[in-house]
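Listed here are the chains, written in short residue letters.
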Amino acid sequence: MNLPLTAAQRQRLEEILRQEHGELSARRKAYLGGLTRAEHAREVLLQDGDDAPQRASDREIDLQRVEEDVARLADIDAALQRIAEGRYGVCSACGEDIPAGRLEVAPYTRYCVACEAQRERGLKPAASL
Ligand SMILES: [Zn+2]
């Protein structure tokens, strides 16, 4: 049985979430701002492209990173939404309180350890039905 978060813990986690949200948003904007230049550089490369395949794979890694950032941003948005609605820190699958220690490591998480492990094994948590 885990204890619910105290108001102070929740406030601290909210601050962490907002800060990470700001950092990810800034990084995404910087990347999108650089995209135009990158596209232009690629066109130049395609005209004379010895190392174009290498550049393309660099770009895939960039895109993957941006996709991860976007997914994380969505998780953080959802966590902030749960804070606003007073549902934060409770497992979305089984309704148990998520341990504060777990939230400190991953403040955007929405599942307790057991339900997360179940999800990673590809099983649906029973309570989500
Ligand atoms: Zn759970």
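Calculation rules
Residues numbered from 1 in each chain as written. Predicted model: local features only at pLDDT ≥ 70, side-chain atom pairs only at ≥ 80, totals over all residues. Heavy atoms only, no water. Helix = DSSP H or I, 4+ residues; strand = E, 2+ residues; numbered from the N terminus. Buried < 20%, exposed > 50% of the residue type's maximum accessible area, 1.4 Å probe, protein only. Contact = heavy atoms within 4.5 Å. Areas by Shrake-Rupley, 256 points an atom, 1.4 Å probe, with all protein chains shown as cover. Donors = N, O, S within 2.8 Å, 3.2 Å for Na, K, Ca; no water. Salt bridge = Lys/Arg side-chain N within 4 Å of Asp/Glu carboxyl O. pLDDT = per-residue confidence, 0-100.

(A) Up close: the overall build of the protein chain. Across its full length, the protein chain holds four helices and zero strands. Reading the protein chain from its N terminus to its C terminus gives the helix and strand order α-α-α-α. Counting all 129 residues of the protein chain, 27% fall into the buried class. Summarising the internal contacts of the protein chain: among those between residues at least 6 apart in sequence, 59% fall at separations of at least 24. A total of about 8,900 Å² of accessible surface is found on the protein chain, and carbon and sulfur atoms cover 51% of it.

(B) Local environment of the coordination of the zinc ion. Surrounding the zinc ion are the protein donor atoms Cys91 (SG), Cys94 (SG), Cys112 (SG) and Cys115 (SG), which sit 2.2 to 2.3 Å from the metal. All donors of the zinc ion come from a single chain, and their spacing in sequence reads C-x2-C-x17-C-x2-C. Overall, the relative accessible area of 3% leaves Cys91 in the buried class.

(C) Quick look at the pattern of salt bridges. For the coordinates displayed, the defined rule picks out six salt bridges. With a shortest N-O distance of 3.1 Å, Arg102 and Glu116 are connected by a salt bridge. Highlighted residues: Arg102 in helix H3 (residues 100-105) and Glu116 in helix H4 (residues 113-120), separated in sequence by 14 residues.

(D) The confidence of the model for the protein chain, seen in detail. Of the residues in the protein chain, 78% reach a pLDDT of 70 or more, and the chain-wide mean stands at 84. Per-element averaging of pLDDT across the protein chain places helix H1 (residues 7-47) at the bottom with 84 and H3 at the top with 93.

(E) Broad picture of the environment of Pro107. One can find Pro107 in the loop between H3 and H4. Residue classification places Pro107 among the buried residues on the basis of a relative accessible area of 3%. The sequence separation of Pro107 and Leu17 amounts to 90 residues, and the corresponding C-alpha distance is 6.7 Å. Contacts of Pro107, omitting those with residues within four sequence positions, involve Leu13, Ile16, Leu17, Ala79 and Tyr88.

(F) Expanded view of the environment of Ile16. As for its placement among the helices and strands, Ile16 is situated in helix H1. Residue classification places Ile16 among the partly exposed residues on the basis of a relative accessible area of 28%. Separated by 92 residues in sequence, Ile16 and Tyr108 have C-alpha atoms that sit 9.6 Å apart.

(G) Summary view of the side chain of Thr109. Turning to its location among the elements, Thr109 is positioned in the loop between H3 and H4. Residue Thr109 is classed as buried on the basis of its relative accessible area, which comes to 8%. Leaving out residues up to four positions away in the same chain, Thr109 has contacts with Arg82, Ile98, Arg102, Leu103 and Glu116.

(H) Highlighting the environment of Asn2. Summarising the element assignment, Asn2 is placed in the segment before H1. Along the primary structure Asn2 and Ile98 are separated by 96 residues, whereas in three dimensions their C-alpha atoms are 6.9 Å apart. Setting aside anything within four residues of it in sequence, one finds Asn2 in contact with Asp97 and Pro99.

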